[in-house]
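Structural features, examined
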Amino acid sequence: MPTDVENWKSEVYGNEIREHLLEFAEEGWESIPADEHDAWFERFKWWGLYHQRNGQESYFMMRIGTPNGVLKPGQVEVVAEIADEYARGPAENPEFGDAYVDWTTRQSIQLHWIRLEDIPDIFEKLEANGLSTQQACGDSWRNIVGCPVAGKDSAEFVDALPVAMDLNETFTGNDDHANLPRKWKVSVTGCEEGCGQGDINDLAFEPAEKDGVKGFNVRVGGGLSRNEPRLARSLDVFVPPEDADAVAGGISALFNDHGDREDRYNARMKFLTDEWGTEKIRRVLQDDYVDFELQTAGEDLRDEYTYNSGRNDDGHHDHVGVHEQNDGDYYVGLNVLVGRMGADDTRELARIADEYGSGEVRVTQRQNVIVTDVPEEDLDDLLAEDLLDTYEPDPHTFMRGSIACTGTEFCSLSIVETKNRQVRYARWLKDNVEVPDGVEDFHIHLSGCTASCAQPQIADISLRGMKTRKDGEAVEALDIGLGGGLGEDPRFAEWVEQRVPADEVPGAIGNLLANFEERRQGDESFRDFVERTDEETLAELVEPEETSYADPYMHNTKLTWYPYADEDDMDASPAPARADGSPIPSDD
Amino acid sequence: MVVAGQDPAVSVAIRVLDDGAWVSVDDERRVSVSELWRVGGDVCACPDDLADFVVEGFTAVGADGRTVTADVYGQCIRCGADATVRTIPVGRVVDGEFRSLAGEAVRFPGAGLGAPSPSQALPVPGSVGED
């Protein structure tokens, strides 16, 4: 039997949602029929709008898709202006204030506290400047990810940027691919280091060569969510750049026709790949969805991948710092702790990108930003800018490695508070824990639930939201996983310790790293150490402990209307609210 | 899915929403993941057949008379056992309105409810439930 979501989608979906959305915006929140809320909020996702969690009714998260993380000159300033004017809620975040921009792990942008009534003005401003929220969420082609310095990277095998942009152009707003069984995440990478993280996407184009032609090998069925992580699997297909559209469209159409529309939990490409196997997918793709002979896979570069590998391989583990481009200019990657940047700082980012570079800014899958096209002679002045005191190009290891998802601040699925907690963790670790000798890259990813938006399974230390009881009281807790990473031999973290009270996690990390330093062989990496150590021993080395770290979010933050409000009880919620912010009284 | 109240003319619409984050009742998000429930039966091997169960996701909703049920997956935080539990009660329809169960209620697969015995008491104060 079709799900409610499929029924709603069959009635109105895709591009046509916009007309209804703008009508509702014109008439105000109360014009959405009460018995159609679920249907419309599900549909609004296709236009990049998520209704925030309970206690925050009438406010939306807005996601702006930036293909391959590229923001053209002028676009960052537009994002800053929109955040400043429209992304202000009824309460402040104690770490980030009341207007901020989130750079995401899919190289996109998220704003919060957006009011329905403001959406027409925001859309107008975005679209006048070449930006869009179209298909940023919902069951369709999501923002395409890739190496964030595609086209500028000195370690590039094939320039994937034109391919990514062409796929975005072809499949955004394309009615034939607008209503898929589930989300569709695509990675296109041309660099030699694996920066596109294709392994964790539904569809991945990875650099390869066949018969002297540079192009892409194709993988399908990767993903991290729902405790069912999968690495993308090879389809044994090589695609020259000019055929990327046809092959990607064929696989998307195959998923459209054969993905599970009766069970959304089984609807992702990874489950179809489990069920069919890659040989059948390839055969059906060839027989039914492309009108030319597919080539077998070319020679790939996977044994050269170093990105986020967790190894001591002198490779690229992020894009932070000063790096030479292929044209002699430089790019400067700035560390954005947990990916959140205030609106004023975002405006400053736009200014320095314009003053020292081409004005372009790029977003990475580690929630950081990159200023590109900086001439060598301007580097010193750029590096002397005050903004770089906060968003450092050479940050402390624990600041550099921290990623966090949205968490219970806004998200419906999350079990625990995340961003502010991870900020506090990073600061405490920096002040209290010695970084193991020679370690510069150490990734700690905090995800509030099994949806895995912070990509916890591919970090040195993986943290995932849970609950436990401490002194009889229910408190927020984290599962701890170790030794995940990508690179040439990707591996998901081992979950070695469960339900550690959140206030004991920094102590656990400190003890673990001290134990690692004591036991490591030579300069082996943390991942190498984890791989040669049995799970029982690893669990013993974690040693959760209360320390000087204080955690203000131990209570059930999901039961608050906003975890940081002075009066945080659900009953104190000012939502839903009208366009002017005045609360709308309930009928009863 | 629609659940009839005592008056057949009064009914409520129930569904799973937002990738399993909520049970929605009449287009309001009424039951959330991340709650801790006491679940009886053989969910795990904990003493007294009582799991201290954190709900990580809803996969289906249903009804047993006036009782609204859900299929959920999650984990007992006492022993760490992962479990999928079917037809567990989440609330009741009374006079055409949905009432959530109190957090302290003991829930059983198959829409059952009960009061905790003294040996099942977890260190949380409170009553059995609204109904």
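Here we summarise the structure given alongside this text. (Residues numbered from 1 in each chain as written. Chains lettered and ligands numbered in written order. Predicted model: local features only at pLDDT ≥ 70, side-chain atom pairs only at ≥ 80, totals over all residues. Heavy atoms only, no water.)

This paragraph deals with helix α3 (residues 37-44) of chain A. With eight of eight residues buried, α3(A) is to be regarded as a mostly interior element. Listed as buried for α3(A) are A:His37, A:Asp38, A:Ala39, A:Trp40, A:Phe41, A:Glu42, A:Arg43 and A:Phe44. In this structure, the buried side of α3(A) is in contact with α1 (4-11), α2 (17-27), β1 (49-51) and β2 (59-64) of chain A together with β2 (11-17) and β3 (22-25) of chain B. (Buried < 20%, exposed > 50% of the residue type's maximum accessible area, 1.4 Å probe, protein only. Helix = DSSP H or I, 4+ residues; strand = E, 2+ residues; numbered from the N terminus. Contact = heavy atoms within 4.5 Å.)

Residue and element names in this part refer to chain A. The full count for this structure, using the stated rule, is 30 aromatic pairs over all chains. Through pairs of rings, three or more aromatic residues link up here, namely Tyr59, Trp113, Phe410, Tyr553, Trp561, Tyr562 and Tyr564. In this arrangement the basic side chain of lysine 214 is found over the ring face of phenylalanine 157, its NZ or CZ atom lying 4.5 Å from the centre. (Phe/Tyr/Trp six-rings, centres within 6.5 Å; stacked < 30°, edge-to-face > 60°. Lys NZ or Arg CZ within 6 Å of the ring centre and 35° of its normal.)

Here we take up the sheet that holds strand β4 (residues 100-103) of chain A. All names here are of chain A. An order of β1-β2-β5-β4-β14 is seen for the five strands of this open sheet, with the pairing classed as antiparallel. Unpaired on one side and paired on the other, β1 and β14 (340-342) mark the two borders of the sheet. Direction aside, neighbouring strands of the sheet carry axes that sit 30 degrees apart on average. Relative to strand β5 (residues 109-115), β4 runs antiparallel, the two being bridged by two bridges. Residue pairing in the sheet places tryptophan 103 in a bridge with isoleucine 109 of β5. Packing against the sheet, helix α4 (residues 75-86) makes contact with β4 and β5, and its axis sits at approximately 30 degrees to β5. (Pairing = 2+ DSSP bridges. Axes fitted to C-alpha atoms, helices over the stretch in contact; angles between N-to-C directions.)

Residue-level contacts link 34 residues of chain A with 32 residues of chain B. Taken together, the two surfaces of chain A and chain B that pack against each other cover about 2700 Å², and 45% of this comes from carbon and sulfur. In terms of surface lost to chain B, no three residues of chain A exceed A:Asp38, A:Tyr265 and A:Arg469, which account for 23% of the buried area on that side. On the surface where chain A and chain B come into contact, there are seven salt bridges. A salt bridge links A:Asp38 to B:Arg15, with the shortest nitrogen-to-oxygen separation between them at 2.8 Å. Residue assignment for the side of chain A that touches chain B shows that the elements contributing at least two residues are α1, α3 and β19 (461-470) of chain A. Looking at side-chain class alone, the side of chain A that touches chain B contains nine nonpolar, ten polar and 15 charged residues. (Buried area = accessible area lost by both parts, 1.4 Å probe. Salt bridge = Lys/Arg side-chain N within 4 Å of Asp/Glu carboxyl O. Nonpolar A, V, L, I, M, F, W, Y, C, P; charged D, E, K, R; others polar.)

With that settled, consider the side chain of A:Arg527. Residues and elements named next belong to chain A. Residue position: arginine 527 is located in helix α16 (residues 526-531). Reaching out from arginine 527, the side chain makes a polar contact with the backbone oxygen of leucine 486 at a distance of 3.1 Å. With residues up to four places along the chain from it excluded, the contact list for arginine 527 reads Ser309, Gly310, Arg311, Asp460, Gly483, Gly484, Gly485, Leu486, Asp489, Pro490 and Arg491. (Polar contact = N/O pair within 3.5 Å; in protein donor to acceptor, adjacent residues only side chain to side chain.)

Further remarks concern the sheet that holds strand β15 (residues 361-363) of chain A. Residues and elements named next belong to chain A. The five strands are arranged β3-β15-β16-β13-β12 in an open sheet whose pairing can be described as antiparallel. Strands with a single pairing partner mark the edges of an open sheet, and in this sheet they are β3 (70-71) and β12 (321-324). By the bridge criterion, two bridges tie β3 to β15 in an arrangement that is antiparallel. The partner of valine 70 across the bridge, within β15, is arginine 362.

In this section: the nonpolar core. All names here are of chain A. Ranked by size, the top nonpolar core spans 60 residues in total, and within it Phe44, Trp103 and Leu349 carry the most contacts. If we ignore the near neighbours within four places in the chain, the residues touching tryptophan 103 are Leu71, Ser108, Ile109, Val336, Gly339, Met341, Thr346, Leu349, Val363, Gln367 and Val369. Core analysis: the next-biggest nonpolar cluster, separate from the first, contains 53 residues, Leu446, Val475, Met554 and Ala577 among them. (Core = buried A, V, L, I, M, F, W, Y, C linked by side-chain atoms within 4.5 Å.)

If you walk through the whole model with that rule in mind, you get zero disulfides over all chains. Considering cysteine sulfurs only, A:Cys191 is the nearest to A:Cys147, which forms no disulfide, with 4.0 Å between them. Since its relative accessible area comes to 1%, A:Cys147 is described here as buried. There is no disulfide at B:Cys76, and the cysteine sulfur nearest it, in B:Cys46, is 3.7 Å away. (Disulfide = S-S within 2.5 Å.)

Should the charged atoms of two oppositely charged side chains come close, the side chains can pair. Applying the stated rule across the entire model yields 56 salt bridges over all chains. Between A:Arg268 and A:Asp202 there is a salt bridge, with the nearest N and O atoms lying 3.0 Å from each other. Within this pair, whereas A:Arg268 is found in the loop between α7 (244-258) and α8 (269-276), its partner A:Asp202 is found in the loop between β7 (186-188) and β8 (203-210), the two being separated by 66 residues in sequence. A single burial state applies to A:Arg268 and to A:Asp202, both of which are buried. The salt bridge partner of A:Asp274 is A:Arg230, with a shortest N-O separation of 2.7 Å. One end of the pair, A:Asp274, is in helix α8; the other, A:Arg230, is in the loop between β9 (213-220) and β10 (233-239), and 44 residues separate them in sequence. Here the residues in one salt-bridge network are A:Glu6, A:Lys9, A:Asp139, A:Arg182, A:Arg261, A:Arg264 and B:Asp19, joined through shared partners.

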